[in-house]
Amino acid sequence: MTKYMRPVPATRSLVVVCAHPYDATFALGGVIAAFADSGTSVHVICLTHGRHADPRPRHRLDRARDLGRATRHLGADDVTLLDHAPGTLAVVTLDDLVEEILTARHSADAILTVDATGADAHPDHIRAMRAAYRAASKQGSTLYAWTLRAGQTARGHQVLVVDVDRERQRTATSCHTGLPADDPLRSRWQRNQDRAERLIVLRTERSVPVYARHV
C-alpha cells in the first residue's frame with residue numbers, strides 16, 4: 001500500500017524521458033520515487049550528457065556515474081544515458097529521437113517528461129517532450145509532464161496533484177558530485193519543498209495532439 005495521501009496513478013511500467021541528467025533528479029526525482037514506491041517498474045532515458053557542452057570524456061563519465069547512483073536512490077530499475085550534446089536536440093529529427101527511446105525501452109504503460117508547453121521552455125525540453133509524445137502515441141502510452149505551473153495554465157489538460165518524498169529526492173540530488181553546492185539549480189530546487197507535485201496529463205489513448213511550440 002502506498003505511503004502517500006495523494007498517490008501517483010497505478011502504473012505497471014514507466015519510461016522517464018528527460019533532456020538533461022539533472023532533470024531526472026531536481027525536477028522529476030520526487031515523482032520517480034513515488035512511482036517506484038507504488039510498485040511501478042521505472043526506466044530512465046536521458047537524451048544528453050549534461051546541461052552545457054563539455055568535450056572532456058572524464059566529465060561525461062562522471063555525470064553518467066552520478067546519474068546512475070541518483071536514479072538507484074530514487075528506485076528506478078535502470079537508466080540509459082544517450083550521447084547527444086546539450087543544446088543540440090533541436091537538430092536531431094524527431095524520428096531519430098523516438099527510435100532511440102523505443103530502442104532503449106520498447107513498451108511502457110506511461111511516459112513521464114518535463115512540461116515544455118510554456119513560452120519560456122528550454123529548446124532541449126521542447127524536443128524531449130515532443131519526442132516523448134510521439135513515442136507515447138506509437139505505443140499507446142499515457143504521457144505525464146511534470147510542471148511547476150499552476151493548474152489553470154495547462155490549456156485544458158487534466159492536472160494530477162501527487163505527493164512525493166523530498167528527503168529521498170534530496171539524497172538523489174546529492175549524488176551529483178560535479179554540481180557545486182551554490183549552483184543556481186540547487187537554489188531553485190531548495191525553494192520548492194512543498195510535498196505536492198503537479199503532473200499534466202498530455203496524452204491518453206483518447207487525446208488530441210499535445211500543445212507545444214514548433215521548433
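Rules and cut-offs
Residues numbered from 1 in each chain as written. Predicted model: local features only at pLDDT ≥ 70, side-chain atom pairs only at ≥ 80, totals over all residues. Heavy atoms only, no water. Helix = DSSP H or I, 4+ residues; strand = E, 2+ residues; numbered from the N terminus. Buried < 20%, exposed > 50% of the residue type's maximum accessible area, 1.4 Å probe, protein only. Contact = heavy atoms within 4.5 Å. Areas by Shrake-Rupley, 256 points an atom, 1.4 Å probe, with all protein chains shown as cover. Pairing = 2+ DSSP bridges. Axes fitted to C-alpha atoms, helices over the stretch in contact; angles between N-to-C directions. Core = buried A, V, L, I, M, F, W, Y, C linked by side-chain atoms within 4.5 Å. Salt bridge = Lys/Arg side-chain N within 4 Å of Asp/Glu carboxyl O. Expected span 1.5 Å × (residues − 1). pLDDT = per-residue confidence, 0-100.

## What to know about the overall build of the protein chain
Item 1. If you tally the helices and strands in the protein chain, you get seven helices and seven strands.
Item 2. Burial statistics for the protein chain: of 215 residues in total, 53% are counted as buried.
Item 3. Within the protein chain, contacts between residues at least 6 apart in sequence are counted, and of these 86% link residues at least 24 apart.
Item 4. Accessible area of the protein chain: about 10,100 Å², with a carbon and sulfur share of 51%.

## Considerations on the environment of Thr 142
Item 1. Here Thr 142 lies in strand 5 (residues 142-147).
Item 2. Not counting residues within four places of it along the chain, the set of residues in contact with Thr 142 comprises Asp 109, Ala 110, Ile 111, Val 201 and Arg 203.

## Re the sheet that holds strand 4 (residues 110-114)
Item 1. Read across the open sheet, the seven strands follow the order 3-2-1-4-5-7-6; overall the sheet is mixed. Of all strands in the sheet, those bounded by a partner on one side alone are strand 3 (78-84) and strand 6 (159-163). Neighbouring strand axes in the sheet, compared pairwise and without regard to direction, differ in orientation by 25° on average.
Item 2. Looking at chain direction, strand 6 and strand 7 (residues 196-203) are connected through five bridges and run antiparallel. The partner of Val 162 across the bridge, within strand 7, is Glu 197.

## Overview of the environment of Val 98
Item 1. Along the chain, the position of Val 98 falls in helix 4 (residues 94-104).
Item 2. Taking the relative accessible area as the measure of exposure, Val 98 reaches 2% and is therefore buried.
Item 3. Considering only alpha carbons, one finds Val 98 and Lys 138, 40 residues apart in sequence, at a separation of 9.1 Å.
Item 4. When sequence neighbours within four positions are dropped, the list of residues in contact with Val 98 reads Ala 131, Arg 134, Ala 135 and Lys 138.

## Examining the nonpolar core
Item 1. If you look at the biggest cluster of nonpolar residues, it comprises 33 residues, and the most contacted ones within it are Leu 28, Val 42, Leu 112 and Leu 199.
Item 2. Excluding anything up to four places from it in sequence, Leu 199 contacts Val 31, Phe 35, Leu 112, Tyr 144, Ala 145, Trp 146, Gln 158, Val 159, Leu 160 and Val 162.
Item 3. By size, the runner-up hydrophobic cluster in this structure holds 29 residues, among which are Leu 47, Leu 97, Ala 116 and Leu 143.

## Topic: the pattern of salt bridges
It is possible for side chains of opposite charge to pair when their charged atoms get near one another.
Item 1. If you walk through the whole model with that rule in mind, you get ten salt bridges.
Item 2. The salt bridge partner of Asp 66 is Arg 65, with a shortest N-O separation of 2.9 Å.
Item 3. By relative accessible area, which is 3% here, Asp 66 ends up buried.
Item 4. Owing to a relative accessible area of 41%, Arg 65 belongs among the partly exposed residues under this scheme.

## With respect to helix 5 (residues 123-139)
Item 1. Here helix 5 contains 17 residues, and its C-alpha end-to-end distance of 25 Å stays within 8% of the 24 Å for a straight helix at 1.5 Å per residue.
Item 2. Burial analysis of helix 5 places twelve of its 17 residues in the buried class, which makes it a mostly covered element.
Item 3. For helix 5, the full list of buried residues reads Asp 124, His 125, Ile 126, Arg 127, Ala 128, Met 129, Arg 130, Ala 131, Ala 132, Tyr 133, Ala 135 and Ala 136.

## Details of the confidence of the model for the protein chain
Item 1. Overall, the predicted model of the protein chain reaches an average pLDDT of 86, with 81% of residues at or above 70.
Item 2. Below a pLDDT of 50 lies the segment residues 207-215, which in the model reaches 21 contacts outside its immediate sequence neighbourhood of four places, other chains included.

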